[in-house]
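Each chain, written out:
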Amino acid sequence: MIGNQVALIRRELWEHRSIYVTPIVIALIVSVMTMTGQVLVSTIDKAVDIAILGATNMGEKERSIAMTVLLSGVSSVLILAMWVLTIFYSLDALYAERKDRSILLWRSLPVTDAETVISKLLTALVVIPLVTFAVIAVTHLVVLVLASIWLSVRGANVWHLIWGSAPLVDNWTGTLISMLALPLWLSPFIGWFLFVSAFTKRSPLLVAFLPIVILPMLEKSLVGTTLFFEAFFLRSGTIPLFGGLSTGEILRYDTHGLRIDGEVPSGLLSLLDLSGFFGSPSLWLGLVVCGLFVTAAIYVRRYRDDS
Amino acid sequence: MTSLVSARNVSKTFGSLRAVDDVSFDIGQGRIMGLIGPNGAGKTTLLKAVLGLTDCEGNLSVLGLDPFRQRKELLRHISFIADVAVLPRWIRVNQLLDFVESVHPGFSRDRAKELLSRTKIRPKSKIRELSKGMVTQLHLSIISAIDAKLLVLDEPTLGLDIIFRKEFYGNLLNDYFDKERTILITTHQVEEIENLLTDVMFINDGRIVLHASMDALPERYVELMTSGENAERARRLNPIFERDVFGKKVLTFEGVGRDQLHGLGELRTPGIADLFVAKVKGAAA
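About the thresholds
Residues numbered from 1 in each chain as written. Chains lettered and ligands numbered in written order. Predicted model: local features only at pLDDT ≥ 70, side-chain atom pairs only at ≥ 80, totals over all residues. Contact = placed C-beta atoms within 7 Å. Helix = DSSP H or I, 4+ residues; strand = E, 2+ residues; numbered from the N terminus. Nonpolar A, V, L, I, M, F, W, Y, C, P; charged D, E, K, R; others polar. Buried ≥ 20, exposed ≤ 12 C-beta atoms within 10 Å, placed from the backbone. Pairing = 2+ DSSP bridges. Axes fitted to C-alpha atoms, helices over the stretch in contact; angles between N-to-C directions.

Peer 1: So, the interface of chain A and chain B: which residues are in play, and what are the values?
Peer 2: Chain A puts 19 residues into the contact, and the matching count from chain B is 21 residues. For the side of chain A that touches chain B, the leading source of residues is helix H1 (residues 2–15) of chain A, giving 6 residues. For the side of chain A that touches chain B, a count of residues per class yields 7 nonpolar, 6 polar and 6 charged.

Peer 1: Account for unusual backbone geometry, with residues named and values stated.
Peer 2: You will see that A:Arg101, though not glycine, has its phi angle at about 65°, which is positive. Taking the C-beta count within 10 Å as the criterion, A:Arg101 has 15 such neighbours and is therefore assigned partly exposed. The backbone of B:Asn9 shows a phi angle near 50°, a positive value even though the residue is not glycine. Examined against the element boundaries, B:Asn9 turns out to sit in strand E1 (residues 3–14). Residue class for B:Asn9 comes out exposed when judged on the 12 C-beta atoms lying within 10 Å of it.

Peer 1: Describe the sheet that holds E1(B), listing the residues and the values that go with them.
Peer 2: Residue and element names in this part refer to chain B. Taken in spatial order, the 3 strands of this open sheet run E2-E1-E4, and their pairing is antiparallel. Edge strands, defined here as strands with exactly one partner in the open sheet, are strand E2 (17–28) and strand E4 (57–62). Sheet twist, expressed as the mean angle between neighbouring strand axes with direction ignored, is 15°. Of the strand pairs in this sheet, E1 and E2 are connected by 8 bridges, and their pairing is antiparallel. The residue bridging Ser3 from the neighbouring strand is Gly28, located in E2. Along the sheet, helix H1 (residues 43–50) makes contact with E1, E2 and E4, crossing E2 at roughly 60°.

Structure (structure tokens):
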């Protein structure tokens, strides 16, 4: 069973090279942008470049917060890309094998339909986040190394200003936890996409998103309620993982100009509210919905006769 | 003779269409069974039922297992090609071998390598870089490297040139087949496998119209080539089918002794293709 899962997941990585190609390409773009950003900003105003990374006129805590904001900024671009990738992967997972008829080969080997579908679910829930996380960690190091080079050229002490105040362990642990939590929170969508890719005869993207758009509209105009709207759209924005803190509160603009709020926790990890996340009934309800869709996908793959 | 496949009153319906209609048969261990039938006769549906790919009514047992409900267990002991050229285009040859090796306990990688070394297929190639014939060669090499009690081939040589087809069947008989193994095969190119088979089964409109061992055919069937007066006399013995060949009449008889037809013309055992036409068209007439 476990041996089969390893083989099946390895097969997913062979087939869907975008799982690692996409984050790597985006990471390269982000690294280049961070570097050009630093250079550009510092040509405009000499004081500002240092404000981004390791400003000398900031305290330890502010520097650490600034660093967290920078690292999390890099992460969030890649996490957004990961979510787009997960959508396309899930919609393709059980559709491509039917389109190229290779399902006939896969089903001629001693692997159950449940094992196959679960390997695809695990790829979406765990493998894609882990691969993206590895790319994020490397990108953080690249960005910091590039910044160090730039700052040391300008004569700053990078060991103190950058590496001394980069909360890497804290940031990486927090990022990894959020990245594993996000797909769980959005798992009903992943289950729905897998189910669509198992049954649809054409254009899985359209078939998957039409109901997501049309159902809330129908509900609003026919019944007047907004239950579907809340379930579909509010869910994606309100993951109960970050203790209600919004990023807008970190930066303050007042009479002293733009500054970082000294009251906010400096690390990413301390922002996470795991008991709130795992205690949320919405999470568990979502996992049940995901389980139902995945069961339906297994059933369709097993009983459908494509001949 | 142990029965490897045993079907009792097996049916499969799609809506109002009875694709397989109340079929019963046995396939013994160590036999090579040819399943012959026109397109849409129910061959593929029957094979799918045997392989556990589709559910059916009636009692069907393969290696003592219920193929649909115990499919994974069954697939450890059988190997099959459901259709040629369905290997995924993105995979590399050695990746495919890796995958089969890790999920199939009966797969011998050394054997597959040995078979592939006789072809032009390189381990690093992607499937999309191979010609259609090479893809089939690869697929056949993989399933031939699986130590299976039952091998099922559905149109295995479709689209291949004659040299490769001859080679494939030669290898199948010399290298693969032994008394422990059983092969179930369908093809349109009946003539090519005629000498290979030990048993033959005709299927038409979902029903079995003939099921016999090849050894029994000469006793049961005889073809008479004749003309004129003799043809008239032969017709009184109720041939199942009659056709014209070069101005002569060819009559096919079932269960008529050769001594009864003696002196009426040239006698011979019908080939499978002719016999098939006689059974199917004769029944329709």
